[in-house]
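# An overview of the molecular structure
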Amino acid sequence: MSAAIALNRFGLGARPDEPVPADPAGWLLGQLERWDPLPPAWAAQPRSEAALLAWVDEQRLARQQPDPQARAAAQQAARREARDRYLAASAARLQCALDTPTPFVERLVHFWANHFAVSVEKGPVLGLAGAFEADAIRPHVLGRYEDLLGAAVRHPAMLLFLDQAQSTGPNSPGGLRSAAQGQGRARGLNENLAREILELHTLGVRGGYTQADVGELARALTGWSVRGPQDPPGSVPGPHGFLWRPGLHEPGTRVVTGRSYPQEGEAQSLAILRELAVAPATATHLATKLARHFVADDPPPALVRRLADAWLRSGGDLAVVARTLVGAREAWAPSAARFKSPWDWAVSSLRALGRRELPPAQVATLLDQLGQPVWRPGSPAGWDDVDAAWAAPDALLRRVEVATRLATQAGQAVDARALAPRLLPGGVSAATTTQLARADSPATALVLLLVSPEFMRR
């Protein structure tokens, strides 16, 4: 049973062409040493700077068009280009999930990408979402949370998604100039990113911060921006396309959660992030989210405490936290309490059938049909990570429809009765075994396996 837990709860589902791990915990821990942040599928995708530059050039070209009709046509062409980048990145994400030798760490990537959610429904993010995951999330999932936090919230995808790029301090040179010109309402302070950093990314909604803290953090973040179509082509951005604009930064000391930050310029916001990343409230908030994702909607308090303690002792070392999770007996409880999200179920189904990739357009169609389109959650909070979000009758019907299509594509070659114990070693119930034996065709048996209670959970 422990092998099934390692493969499905910690990993992304078994593959029939790979051996069942003889030492499940050792198999998981070994992946932390073998992790490749940029495997070939991702290495073939545009990096953040190139993706941002493509968006800037496309927007600049649209602005240069002489009439509204030409501008509209240029904007449509730009969106098609961005969608092509989105589809290719979605396919790379799925290919890595299907083909990875380190599925535990790949699951951690999916967890942290959802924690730092961006949405392609915001136009500029469409062509940047893949680069965001490749450059801001993947390199840092086994590093320090301070580095992951900084990379994620300073990435152009996040800055554009939450309208941070134009946020202007009222007393900054840019803010004073806008006020003098009567443009204060157009170029003002934006609190979106500051609020999400405190509420979602660090302390949590019950983490003890106030609205005054949101405002103070928002002032500290002014100056965080990206290169835009209004900038000269020669302007040089920072890492991944981040651009510091000192003329927009609100001067003065900031006070966030009772701590004073007198640093000047960009150093001020980085100092605040550094403290937030290792705050006790952050440790508890994120330990709860991790325990919920891997164990249960209502995670065992002892497990949450153990993960939070590891977080604080290590200074937010995510590899230490991952090892603590693997070593926690609560994480190995035999009952499969977590209902798979559409993404999890799709990945595990395709892995079960030995698939290693899908064409880009099919990836988008598949996840759209299942109700969890890639990088398109409904809010900055990301996709819900509780069973009730995914277990509605209409959602289950969609899985049956997809399972039927996958079984048809597999043909008669797959014997679900032989496949079941390889996918769920020690975890196939007598009821499911009977159903598979009584199925009137190999395709029907495969559908029954993919939508069985055991396969739906992890």
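Quick note: structure is the one above.
In short, a report on the structure. (Residues numbered from 1 in each chain as written. Predicted model: local features only at pLDDT ≥ 70, side-chain atom pairs only at ≥ 80, totals over all residues. Heavy atoms only, no water.)

What follows deals with the overall build of the protein chain. Scanning the protein chain for helices and strands turns up 23 helices and 4 strands. In terms of overall size, the protein chain behaves like a compact globule, its C-alpha atoms giving a radius of gyration of 24 Å where 458 residues would be expected to give roughly 23 Å. Judged by the C-alpha coordinates and their principal axes, the protein chain covers about 80 × 55 × 35 Å. Relative to its full complement of 458 residues, the protein chain shows a buried share of 53%. (Helix = DSSP H or I, 4+ residues; strand = E, 2+ residues; numbered from the N terminus. Rg over C-alpha atoms; globule rule 2.2 N^0.38 Å. Buried < 20%, exposed > 50% of the residue type's maximum accessible area, 1.4 Å probe, protein only.)

By the element assignment, T222 lies in the loop between α12 (211-221) and β1 (224-226). Residue class for T222 comes out buried when judged on its relative accessible area of 0%. Within the local environment of T222, its side chain forms a polar contact with the backbone oxygen of R219, the two atoms lying 2.5 Å apart. (Polar contact = N/O pair within 3.5 Å; in protein donor to acceptor, adjacent residues only side chain to side chain.)

We now examine helix α2 (residues 24-34). Listed as buried for α2 are P24, L28, Q31 and L32. The buried side chains of α2 occupy one side of the element, clustering within an arc of 105° when seen end-on. Looking at the packing, one finds that the buried side of α2 touches α1 (2-10), α6 (103-115) and α16 (318-327). (Arc of directions from axis to C-beta. Contact = heavy atoms within 4.5 Å.)

Between helix α4 (residues 48-63) and helix α5 (residues 68-99), the shortest axis-to-axis distance is 8 Å and the interhelical angle comes to 165°. Between α4 and α5, the angle falls in the class roughly antiparallel. Between α4 and α5 lies a crossing of right-handed hand. Side by side, α4 and α5 meet where A51, A54, W55, E58, Q59, A62 and R63 of the first sit next to R71, A74, Q75, A78, E81 and R85 of the second. (Axes fitted to C-alpha atoms, helices over the stretch in contact; angles between N-to-C directions. Parallel < 35°, antiparallel > 145°, perpendicular 65-115°, else oblique. Left-handed = near helix turned anticlockwise from the far one by under 90°.)

Turning next to the nonpolar core. Nonpolar side chains tend toward joint burial in soluble globular proteins. Judged by nonpolar contacts, the single largest core of 138 residues is most densely connected at F10, W112, F116, I137 and Y145. Residue contributions to this core peak at 10 residues, all from α5. Discounting residues that sit within four places of it in the chain, Y145 has contacts with W112, H115, F116, H201, A277, T282, L286, W311, G316 and L318. (Core = buried A, V, L, I, M, F, W, Y, C linked by side-chain atoms within 4.5 Å.)

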